[in-house]
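Each chain, written out:
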Amino acid sequence: MAEPCGWSADRTCCPVERLPDGVWETSVATATEVLWALTGRQFGACPRTLRPCHVPCPCDPCDRCAGAQGPQWMPALIGGQFYNLTCQKGDGCQCGSELPTVILPGPVHRVISVMVDGKTLDPSTYAVYDRRSLLRTDGGSWPSCQHLERDLTEPGTWAVTYERGKPLSQAGRRAVGLLACELSRLCAGDNCRLPSRVTSVVRDGVTWSFDAEGFYTEGLTGIPEVDMWIKAVNPHKVMRRASSWSPDGPKMPRQRTGPSDFGSWGR
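Cut-off values and rules
- Residues numbered from 1 in each chain as written.
- Predicted model: local features only at pLDDT ≥ 70, side-chain atom pairs only at ≥ 80, totals over all residues.
- Heavy atoms only, no water.
- Helix = DSSP H or I, 4+ residues; strand = E, 2+ residues; numbered from the N terminus.
- Axes fitted to C-alpha atoms, helices over the stretch in contact; angles between N-to-C directions.
- Left-handed = near helix turned anticlockwise from the far one by under 90°.
- Contact = heavy atoms within 4.5 Å.
- Nonpolar A, V, L, I, M, F, W, Y, C, P; charged D, E, K, R; others polar.
- Salt bridge = Lys/Arg side-chain N within 4 Å of Asp/Glu carboxyl O.
- Buried < 20%, exposed > 50% of the residue type's maximum accessible area, 1.4 Å probe, protein only.

What follows deals with unusual backbone geometry. Here the bond from Gly106 into Pro107 is cis, since omega is 0 degrees, no more than 30 degrees from zero. For Pro107, the location among the structural elements is in the loop between β4 (101-103) and β5 (108-116). The phi dihedral of Arg41 falls on the positive side, at around 55 degrees, and the residue is not glycine. Its location among the elements puts Arg41 in the loop between α1 (23-38) and β1 (46-50). Of note in the backbone geometry, Asp117 takes a positive phi value of approximately 55 degrees without being a glycine. In this structure, Asp117 sits in the loop between β5 and β6 (119-120).

Set out below in structure tokens:
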């Protein structure tokens, strides 16, 4: 499993100052991966560069029913179901013809750049709707094909670079810092709040019983401040974000992958 991206730690609540070299960095990496998994792998705005395939607008019934008999009701496949549609313009939300659109694997947090024929488009020429649809708004159109063997600086190519996913909040960064702080203390041999597997302790006539397995099976860490955030963002203890696929859905853009990409976040 690749390490999630877009995470960072807030060290405000960690008073530990002197640590062996590399301990804090390793603890942050460990805390990040643990909390990413415990929160359902839903956070992490990761940069992606895709070379999209143009998705044409659905066939307009007006293109098929214009003739001597005038408008007719025509079947159309939408979302896996057939509907009878008649001639109309627009999609019920906008006026006029539909804008050229490409569907990006979402959720889209922020578009970094769009390159066409080796040139970067001005951000005012496109917009993102529904966190996945990239619309051309300047009257232009998206290329219908491209030369994938060419570099993005050459003509006949185009690509979208964007951040995919849900960014980590300030509360999440604080939780990472708190867990990393306790992991650092454990590594340095200091007292920490991480639960151990002690089941019974007798001190001054008082018996304390504790079993860490109860926390781990519940998807918690045993640190109240961290567990409060986990429960707030993942109350149903899901393992990962939900996803769906349909054979009549839009074709996804092409993305080059390497050995480190398989099993990475969001794939």
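Taken N-terminus to C-terminus, the directions of helix α3 (residues 170-188) and helix α5 (residues 224-233) make an angle of 145 degrees; their axes are 9 Å apart at the nearest point. When the axes of α3 and α5 are compared, the crossing they make is left-handed. Where α3 approaches α5, its residues Ala171, Gly172, Arg174, Ala175, Leu178 and Leu179 are matched on the opposing element by Glu225, Val226 and Trp229. Class assignment for the residues of the contact of α3 with α5 results in six nonpolar, one polar and two charged.

Tallied over the full model, the rule gives six salt bridges. A salt bridge links Glu163 to Arg110, with the nearest nitrogen and oxygen atoms 3.0 Å apart. Of this pair, Glu163 sits in strand β9 (residues 158-164) while Arg110 sits in strand β5, and the two are 53 residues apart along the sequence. Here Arg110 falls in the partly exposed class, since its relative accessible area comes to 41%.

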